[in-house]
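# Understanding the architecture of this molecule
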Amino acid sequence: MSERLLEGKTAVITGSGSGVGKAAALLFAEAGAKVICADVQDEWIANTVSEIKSAGGEAKAAHCDVRKREDIQAAVDAAVAAYGRLDIIYNNAGVSSPLGKTFLTNTDDEIDRLTEINFRGVLYGCQIAGRQFVKQGGGGVIVNTASAAGLIGWGGSLYCGTKGAVVNLTRALAIELASENIRVNSVCPGVMVTNFGIGAAGNLSEATLAGMAKIAPIGRITDASEPARVALFLASDHAITITGTNIPVDGGMTAGKK
Ligand SMILES: NC(=O)c1ccc[n+]([C@@H]2O[C@H](COP(=O)([O-])OP(=O)(O)OC[C@H]3O[C@@H](n4cnc5c(N)ncnc54)[C@H](O)[C@@H]3O)[C@@H](O)[C@H]2O)c1
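Here is a short report on the structure shown in this document. Remember, predicted model here, so these are calculated numbers, not experimental data.

This part covers the nonpolar core. Among the nonpolar cores identified, the biggest contains 38 residues, and Val12, Ile36, Ile72, Leu86, Ile89, Ile142 and Val184 are the most heavily contacted of them. Residue assignment for this core shows that the elements contributing at least two residues are strand E2 (34–39), helix H3 (69–83), helix H4 (108–135), helix H5 (157–177) and strand E6 (182–189). If sequence neighbours within four positions are ignored, Val12 has contacts with Ile36, Ala38, Ala75, Val76, Ala79, Leu86, Ile88, Ile89 and Tyr90. Listed in part, the 32 residues of the second largest apolar core include Leu27, Ile88, Tyr90 and Val143.

To continue, consider the sheet that holds strand E5 (residues 140–145). Spatially, 7 strands are ordered E3-E2-E1-E4-E5-E6-E7 in an open sheet, and the strand pairing comes out parallel. What marks the edges here is a single partner per strand, and that holds for strand E3 (58–63) and strand E7 (246–249). With direction set aside, neighbouring strand axes in the sheet form an average angle of 20°. Pairing analysis gives 6 bridges linking E5 to E6, with the strands arranged parallel. Looking across to E6, one finds that Gly140 is bridged to Ile182.

Cut-off values and rules
Residues numbered from 1 in each chain as written. Predicted model: local features only at pLDDT ≥ 70, side-chain atom pairs only at ≥ 80, totals over all residues. Heavy atoms only, no water. Core = buried A, V, L, I, M, F, W, Y, C linked by side-chain atoms within 4.5 Å. Buried < 20%, exposed > 50% of the residue type's maximum accessible area, 1.4 Å probe, protein only. Helix = DSSP H or I, 4+ residues; strand = E, 2+ residues; numbered from the N terminus. Contact = heavy atoms within 4.5 Å. Pairing = 2+ DSSP bridges. Axes fitted to C-alpha atoms, helices over the stretch in contact; angles between N-to-C directions.

Here you go:
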């Protein structure tokens, strides 16, 4: 990264122990941000923080279950206590539908887990950061991770529903918070291999990987760093007039039928 796009900014990133969130934490720190790495997996965020520090960046870990308002509040408070203010929240933590389940077989526990992590967690993050931005006098950036599955009906109905909710929350909040100079956008990744869902096995067969690659017109799997780079752009002043958008980072999979 030649340009320090986030010099002097403070960011909270949820789900920064792995995948897109970890890639974003490394990129944001490389771009000059001080990063609060928030996740339920303490060991994973300790690794993220250690990698950032080894590269000369600044970061702290915050144990955070996004289902709990007080955990997200604590992560934001940690940013303010350590660095004086909050400039950016990246609400990225999310989980997939249980493999092999259909909507008609989803249990109440599964419905609660997905709606609470994928939607309520984002909602809390937007509200807690939004209140902090207003307290500081206005101005701030919210980036959410939605999904290609929030833009089209693909990827499981329960998951799609939670991500579609993030997409429309992003639009409505952008309008509501514009007068406070707060921008709100989302990134909508396509198929990736991370610790998430189908990729979680970590040892996917060649045939499975080839099948996943074919889903996008560009014929390959999206790398976690790719949505993270778009999140970095959205968080930066290069995106100063961009708000209320949900940007597919999906190799064209939501552009239409192949
Ligand atoms: N992997 C994909 O194919 C894909 C596609 C589109 C969108 N997404 C979205 O991208 C985002 C990141 O997913 P990823 O692929 O990097 O997955 P990942 O599993 O590698 O990373 C997700 C991170 O979120 C954390 N997390 C899970 N539950 C949490 C909770 N309750 N509180 C705080 N942290 C929690 C996990 O510990 C993990 O570190 C998610 O919102 C996901 O829905 C993923």
